[in-house]
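Survey of secondary and tertiary structure
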Amino acid sequence: MLAQAPQWIASGLTLGAIYALIALGFVMIYAVTDVINLAQGEFVMLGALLAITFKRQGWPMLAAALAAVALTVAVGAAVQLLALRPARQASVLTLIIITIGVSIALRGAALLLWGTDPYPLAPFSVGAFDLGGAVVKRQSLWIAGTLIAAAVALWAFLNHTMLGKGLRACAINPLAARLMGVRPGRMATLSFALGAGLAAVAGVVIAPDTYATYDMGFGLGLKGFIAAIIGGLTNPAGAVAGGLLLGVLEAVGGGIKSAYKDAVAFVILLLVLLARRFGPFAAGGAGGGL
Amino acid sequence: MSDATVTGEAIRRHLAGGHAARGPQPADLETRGLSRHFGGVAALTDLDLAVAPGTVTAVIGPNGAGKTTLFNLLTGVLRPSAGAIRFLGREVAGKPPHAVAALGMARTFQNLQLFPQMTVLETVQVGREARRGAGFLGALFRPPPVVRAERAAREAAREQLALVGLADRADDLATSLPFGQQRLLEIARALATEPALLLLDEPAAGLSAGERAALARLVGDIRAAGVTTLLVEHDMAFVMRLADRVAVLNFGAKIADDSPAAVQRDPAVIAAYLGEEE
Amino acid sequence: MRRVDRLGLAALAVVVVVLGWTLGGSQLSLLNFVGLFAISAIGLSLLAGYAGQVSLGHAAFYGIGAYTSALLTTRLGLSPWLGLAAAIVASAAIAAAVGLPLLQLRGHYLSIGTLGFGVIVTVILNEWTGVTGGPSGFGGVPDFALGAYGFRNDRDYFFLIWAFLLAVIALALNLVNSRVGRILRALRGSEVAVATLGVPVWRYKLGVFVVSAAYAGLAGGLYAHYLRFVNPAAFTLRVSVELLTMAAVGGLASVWGALVGAAAVQLLISQIRDQLPRLQEGLHRLIPAIPERPGGEQELIAFGLLLMLIMIYLPGGIAGGVNTLLRRRAARPDPTIGAAGSAAASPE
């Protein structure tokens, strides 16, 4: 079994990089708006299916990918403006249910547009090579590279641009941010746009590894969410680490008994949730002023 | 609300009703070295406080002096960073809120914590019924004993409301009451648990002069009924008439602890209050 | 129970008898599913609406009930009635066991935790092939019988399911208007205040979680014998979301609302199933790239939009909306039906 370890790690890291990208999107949205966006996986699906559709129109891969991400970003912003902003006074749980509604509606829209057929996408580079006993597809390098590029770009954006700093300010303290002239409403829209964009990127790079379908997003979104929770839900670096860790654990668990691969992630989720049992009684308590 | 001219005897009789065996026995409360930090910020430092049975003790201090933190520590809502709390001879620091309450401590909240979508009567009923077992099967199938117990509790809650002068609002939504009456309702809810010690968190805040006078009478009646009372207040004048003893907090530390008259003359207290704009 | 509730129950009983004798098989079959979902949705509304604990894994308890009764009656030859009782007990017991740790979580963490539980149960149902029959499930689940009378057709089951529904509505109304119900509603308002009155909060949360699971278990047991067949697809996360939607559409904090919600959502889904292919053909004619027949669960899109719109614009659901209207007219609030702005406004 140990002989398979390098392979598990290699495929685990590949899948983990996808989870990490999705988790980054989760974290962006949650940190700024306190919304657990269960429609995140649908953005992954949109990224993948849109990219494939543009590619089929004969567009070059890069153009198709960029257009897909851009469109998904627009959808993300629209979701925030149309579905979440009108309910911004609502409780956290109402907001979760709304995002479930968004997720189902987007999936339904995709079903109308693309049907149930699985859509293939050619890998960006074909072939594979051997790395320390593991067979690594060249596409995996694209995935890893994309994660690194996206993480670096996000880091630079958050730390070195006014907009990024505004986002961070909102995440830390919306009231103070407002006093500093940042507009939390706009930042909320921006965070959804960013979160959707990151998910769409994940969708584009994972499409060649798996056939893209209208319902591919749900599972991926949940995994990304679990990764984000492992990473602490508001910490981008933690989300990346959580994604990679989850990918490897799943690969190991699935290597031992493939049928239970999905259960592994949710068992981890429950363990992580319970391990982080939230502080003293009043910390999350109902009443203000305590 | 000023028709709430009740006697201590009436409240005593009422409080003894559910607990015929015990009756409200006067409670004593004592803290030693009680401290609480939030991150690096000390909200309360090394507080020694003694509340004698059957008295009204006031803790006063400017905003942010640590008064509400003190209440949250006493009632188990927050855990102390250090120190001890003895209530009725038992150590209660670190116990969960319901366990502390079950010993006979009840409180009100500075920021009212009434239940939305519940009537005034139901609110008091919750106070009365809080300490019975969960009893889901009884609630689902409602055998006659359960029905009788509920009817009794409803009647008792009505009487409780009469004591604070809210009888005529029994069927209104709690949150639809005017602010002053909401405060009274919180007191009624707390009294419904038949406490030995009643903690009032800034009961006079936001009340008109008339409402304050009525509240003062009510607190006097509660003391006459033998319930020990600890109240925190921002407003010094209000407590001077009521309290047997006054402790003063400033920046989380006790700076005076004496009779009202002595506290009023204390230079440190005057400085603390003059430092504020009031 | 209030007078209006007693009248409601009596009226519903009459309606059930009339519908049972007049409607045909396919309509009754639809109503049977309304009844099954309503039983679960009422349990969920007790949990989510009254106690403010939103479960995204409730289909798991529905499934546990269905499989428990199906397994006991097919493998051990138990009477379906005993199987049904076992279904209720098994769902309640498992809820108690998983609730102990899960209910330590608050707000959306609890929702996500229950979601995780639901997915794990689905995986087990799919993969524990030796016992559950795997993804294709198993059939041969026996029918209920009363003495010599066997329950066979949609009409028999209509009366059976709706009799149980009437009973669980009565029980739920009892609970809501009892001491326990008051404390649950109070919990939703201010957990801290309730605790400082001396209420061991977790016991109430666990209690209502167990009750709501028992409701789902009952519905699951009935389902298994009605369809004579169980498979995991009937108990997925999607069903959990549907249940939550029904409870939300009706008004999270309303027993009657959950019934209305179950009916509305079921009828709507079946309507959309009929209408959507036409829309699809239209789309296809407009843009040929769009497939002519999508297959799959086309009602999804409307379903999602509905859930979204309700939560945004009518967070009190149908019951909340009706209630607000009544309130405006009577200018006297009815405290027992919660408006749901605060319905979901439970402690984080």
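Keep in mind that what you see is a predicted model, and the values were worked out from it rather than measured.

Let us look at the overall build of chain A. Tallying secondary structure elements over chain A gives eleven helices and two strands in all. When the helices and strands of chain A are listed from N to C terminus, the series reads α-α-α-α-β-β-α-α-α-α-α-α-α. In summary, chain A has a C-alpha radius of gyration of 19 Å against a globular reference of 19 Å for 290 residues, a match within 12%. Referenced to the eigenvectors of the C-alpha coordinate spread, the extents of chain A come out at roughly 60 × 45 × 35 Å. Counting every position in chain A, which comprises 290 residues, the buried fraction comes to 54%. Restricting the contact set of chain A to residue pairs at least 6 apart, pairs at least 24 apart contribute 73%. Charge-centre separation for chain A: the mean point of 17 positive side chains lies 13 Å from the mean point of 8 negative side chains.

Our focus in this paragraph is the interface of chain A and chain C. The partner chain C presents 56 residues to the 51 residues of chain A that form the contact. Buried area between chain A and chain C, both sides added, is near 4600 Å², and the carbon and sulfur share of it is 80%. Taken together, chain A and chain C are joined by zero salt bridges. Counting across the chain A and chain C interface gives zero residue pairs in polar contact (both at pLDDT 80 or more). For the side of chain A that touches chain C, the element with the most residues is helix α4 (residues 92-114) of chain A, which contributes 17 residues. Tallied by class, residues from the side of chain A that touches chain C come to 40 nonpolar, eight polar and three charged.

With that settled, consider helix α2 (residues 25-50) of chain C. All names here are of chain C. In this model α2 runs 36 Å from its N-terminal to its C-terminal C-alpha over 26 residues, within 8% of the 38 Å that 1.5 Å per residue would give. L44 marks where α2 bends most, by close to 25°. In terms of burial, α2 is a largely internal element, 20 of the 26 residues being buried. G52 sits one or two positions beyond α2 and adopts a positive phi of about 75°.

A few words on the interface of chain C and chain B. Where the parts come together, the accessible area they lose is often given as the size of the interface. Contacts between the two partners involve 39 residues from chain C, matched on the other side by 36 residues from chain B. Across the interface of chain C and chain B, roughly 3200 Å² is buried in total on both sides, 66% from carbon and sulfur atoms. Looking at the side of chain C facing chain B, the largest losses of area belong to C:R179, C:R182 and C:L197, adding up to 23% of the total buried there. Taken together, chain C and chain B are joined by three salt bridges. As a salt-bridge pair, C:R182 and B:E129 come within 3.0 Å of each other at their nearest N and O atoms. Our count for the contact surface shared by chain C and chain B stands at six residue pairs in polar contact (both at pLDDT 80 or more). Per element, the largest residue contribution to the side of chain C that touches chain B is nine residues, and it comes from helix α8 (residues 179-189) of chain C. Class assignment for the residues of the side of chain C that touches chain B results in 22 nonpolar, ten polar and seven charged.

Our focus in this paragraph is a positive patch on the surface. On the surface, a cluster of positive charge is made up of B:R148, B:R151, B:R154 and B:R158. Topologically, B:R154 is positioned in helix α6 (residues 144-164).

Another point: the pairing of strand β8 (residues 228-233) of chain B. Residues and elements named next belong to chain B. Counting buried positions over the six residues of β8 gives six, a clear majority of the element. What you see with β8 is no split at all: T228, L230 and V232 on one side and T229, L231 and E233 on the other are buried throughout. Across five bridges, strand β3 (residues 56-60) lies against β8 in parallel orientation. Opposite V59, over in β8, you have V232 as the bridge partner. Where the polypeptide runs from strand β7 (residues 197-201) across helix α8 (residues 209-224) and back to β8, its parallel neighbour, the crossover connection is right-handed.

What follows concerns the sheet that holds β7(B). Residues and elements named next belong to chain B. Strand order in this open sheet of six strands is β6-β7-β8-β3-β9-β10, and the pairing throughout is mixed. The open sheet has two edge strands with one neighbour each: β6 (105-107) and β10 (253-258). Between one strand and the next, the sheet's axes are offset by a mean angle of 15°, whatever the strand orientation. As paired elements, β6 and β7 share three bridges and run parallel to each other. Following the sheet pairing, A106 is matched in β7 by L198. Strands in contact with helix α3 (residues 97-104) are β6 and β7; relative to β6, the strand with the most contacts, it is inclined by about 110°. Along the sheet face, helix α7 (residues 179-192) touches β6 and β7 and points at about 160° away from the line of β7.

This paragraph deals with the pattern of salt bridges. Using the criterion set out here, one finds 19 salt bridges over all chains in the structure. When the shortest N-O distance is used, the salt bridge between A:K137 and A:D209 registers 3.4 Å. Of the two residues, A:K137 sits in strand β2 (residues 134-137) while A:D209 sits in the loop between α8 (184-206) and α9 (217-230), which places them 72 residues apart along the sequence. The closest approach of N and O atoms between B:R142 and B:E150, which form a salt bridge, is 3.4 Å.

This part takes up the environment of B:G220. Residues and elements named next belong to chain B. Mapped onto the secondary structure, G220 falls in helix α8. The partly exposed category is assigned to G220, whose relative accessible area is 26%. Expressed as a C-alpha distance, the spacing of G220 and R241, which sit 21 residues apart in the sequence, is 10.0 Å.

This part is about the packing of aromatic side chains. For any two aromatic rings, the description comes down to two numbers: the centre-to-centre distance and the angle of the planes. For the structure on display, the rule yields 23 aromatic pairs over all chains. When the centroid spacing of 6.2 Å and the interplanar angle of 75° are considered together, the rings of C:Y67 and C:F138 count as edge-to-face. Taken together, the residues span a long stretch of sequence, with C:Y67 in helix α3 (residues 58-75) and C:F138 in strand β1 (residues 138-139) at a distance of 71 residues. Classification of C:F138 as buried rests on a relative accessible area of 13%. The ring of B:F115 is capped by B:R189, whose NZ or CZ atom sits 4.7 Å from the centre of that ring. Its end group placed over the ring of C:F138, C:R75 keeps NZ or CZ at 5.8 Å from the ring centre.

Here we come to unusual backbone geometry. Its identity as a non-glycine residue notwithstanding, A:D34 has a phi of 65°, on the positive side. Of note, A:D34 is situated in the loop between α1 (5-33) and α2 (40-56). Within the chain, B:D46 stands out as a residue other than glycine whose phi angle is a positive 50°. Summarising the element assignment, B:D46 is placed in strand β2 (residues 41-51). Judged by relative accessible area, which is 54%, B:D46 ranks as exposed.

Parameters at a glance
Residues numbered from 1 in each chain as written. Chains lettered and ligands numbered in written order. Predicted model: local features only at pLDDT ≥ 70, side-chain atom pairs only at ≥ 80, totals over all residues. Heavy atoms only, no water. Helix = DSSP H or I, 4+ residues; strand = E, 2+ residues; numbered from the N terminus. Rg over C-alpha atoms; globule rule 2.2 N^0.38 Å. Buried < 20%, exposed > 50% of the residue type's maximum accessible area, 1.4 Å probe, protein only. Contact = heavy atoms within 4.5 Å. Lys, Arg positive; Asp, Glu negative; His and termini not counted. Charge placed at Lys NZ, Arg CZ, Asp CG, Glu CD. Buried area = accessible area lost by both parts, 1.4 Å probe. Salt bridge = Lys/Arg side-chain N within 4 Å of Asp/Glu carboxyl O. Polar contact = N/O pair within 3.5 Å; in protein donor to acceptor, adjacent residues only side chain to side chain. Nonpolar A, V, L, I, M, F, W, Y, C, P; charged D, E, K, R; others polar. Expected span 1.5 Å × (residues − 1). Bend = angle between axes of the 7 residues up to and from the residue. Patch = residues over 30% accessible without salt bridge, like charges linked within 9 Å, V, L, I, M, F, W, Y side chains within 5 Å. Areas by Shrake-Rupley, 256 points an atom, 1.4 Å probe, with all protein chains shown as cover. Pairing = 2+ DSSP bridges. Right-handed = clockwise from strand over helix to strand, strands pointing away. Axes fitted to C-alpha atoms, helices over the stretch in contact; angles between N-to-C directions. Phe/Tyr/Trp six-rings, centres within 6.5 Å; stacked < 30°, edge-to-face > 60°. Lys NZ or Arg CZ within 6 Å of the ring centre and 35° of its normal.

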